[in-house]
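Residue-level structure breakdown
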Amino acid sequence: MQAGSPRIPLIDVLKATSCLLIVSHHLAWYGPMSDYAYPLIPSLINWLREYGRIAVQVFFVTAGFLSAKKFAPEGISLITDPFHLIKRRYLRLVIPYLAALTLAIGCAALARAWMVHDSIPNPPKFFSAPCAYIFVAGSSQSGSALRRYLVCGD
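Residues numbered from 1 in each chain as written. Predicted model: local features only at pLDDT ≥ 70, side-chain atom pairs only at ≥ 80, totals over all residues. Heavy atoms only, no water.

- Looking up the protein chain in an unreviewed UniProt entry gives the name Acyltransferase family protein, with the organism given as Nitrosomonas communis.

What follows is the structure in structure tokens.
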């Protein structure tokens, strides 16, 4: 947000809650933790599996609202060069994304060495994986399928 622009507490609460629900949904659905947590709290895990993904839409709507508030505060676009803005945003996001991805690939390699579980991915293909991730091919359902094909050969 721009310096000096007032925060909207409801939007902050919606973003924070949706972030927590998205992470909780992933923990309830993917990985070995869900197998062990389910017998302890089955109703919560079932609820998170079924309804936790709705938080993604809430997060996108609030992000869109904040973007519109920032780039068109009076309903008139302040953007003169959208390609420069897209490039700057891509570079700002892709560097930490690739760092997190590298960490995740390393953690998956350690997990493959320590245990066997369906949630542990296959090792990435050397040349096609970087392309799939650098171009953020996993950001949509079709991109997710493309990423799985390029990275795992499935």
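We are not done yet, so read on.
Brief notes about the overall build of the protein chain
- Counting its secondary structure elements, the protein chain contains seven helices and zero strands.
- Along its sequence from the N terminus, the protein chain presents helices and strands in the succession α-α-α-α-α-α-α.
- For the protein chain, buried positions account for 18% of its 154 residues.
- Considering only intrachain contacts with a sequence separation of at least 6, the fraction spanning at least 24 residues in the protein chain is 55%.
- Surface accessibility of the protein chain: about 11,400 Å² in total, with carbon and sulfur atoms responsible for 70%. (Helix = DSSP H or I, 4+ residues; strand = E, 2+ residues; numbered from the N terminus. Buried < 20%, exposed > 50% of the residue type's maximum accessible area, 1.4 Å probe, protein only. Contact = heavy atoms within 4.5 Å. Areas by Shrake-Rupley, 256 points an atom, 1.4 Å probe, with all protein chains shown as cover.)

Description of the packing of helix α1 (residues 9-29) against helix α3 (residues 42-51)
- Interhelical geometry of α1 versus α3 gives an angle of 115 degrees and a closest axis separation of 8 Å. By the angle between their axes, α1 is roughly perpendicular relative to α3. The way α1 lies across α3 gives a crossing that is left-handed. For the pair α1 and α3, the contacting residues are L21, S24, H25, A28 and W29 in the first and I45, W47, L48 and R49 in the second.
- Its residues assigned to classes, the contact of α1 with α3 comprises six nonpolar, two polar and one charged. (Axes fitted to C-alpha atoms, helices over the stretch in contact; angles between N-to-C directions. Parallel < 35°, antiparallel > 145°, perpendicular 65-115°, else oblique. Left-handed = near helix turned anticlockwise from the far one by under 90°. Nonpolar A, V, L, I, M, F, W, Y, C, P; charged D, E, K, R; others polar.)

So, helix α5 (residues 82-114)
- A rise of 1.5 Å per residue sets the reference length of α5, with its 33 residues, at 48 Å; its end C-alpha atoms lie 47 Å apart and thus fit the reference within 8%.
- Residues L85, V94, L101 and A108 constitute the buried set of α5. (Expected span 1.5 Å × (residues − 1).)

Some thoughts on the UniProt feature "transmembrane region" (unreviewed entry) in the protein chain
- According to UniProt, the "transmembrane region" (unreviewed entry) feature falls on residues 93-115.
- The span residues 93-115 shows a helical share of 96% and a strand share of 0%, and its end C-alpha atoms are spaced 32 Å apart. (UniProt positions renumbered as here; feature names shortened; annotations may be inferred.)

Re the packing of α1 against helix α4 (residues 54-71)
- At a minimum axis separation of 8 Å, α1 and α4 run at an interaxial angle of 145 degrees. By crossing handedness, the relation of α1 to α4 is classed as left-handed. Seen from α1, the contacting residues are I11, L14, K15, S18, C19, L21 and I22; seen from α4, they are A55, V56, V58, F59, T62, F65 and L66.

Details of the side chain of S34
- Assignment of secondary structure puts S34 in helix α2 (residues 32-37).
- On the basis of relative accessible area, S34 is assigned to the buried category, the value being 2%.
- When sequence neighbours within four positions are dropped, the list of residues in contact with S34 reads L27, A28, W29 and R49.

Points about the pattern of salt bridges
- Summed over all chains, the structure comprises two salt bridges.
- One salt bridge connects D12 with R7, and the closest N-O pair in it is separated by 3.0 Å.
- Judged by relative accessible area, which is 26%, D12 ranks as partly exposed. (Salt bridge = Lys/Arg side-chain N within 4 Å of Asp/Glu carboxyl O.)

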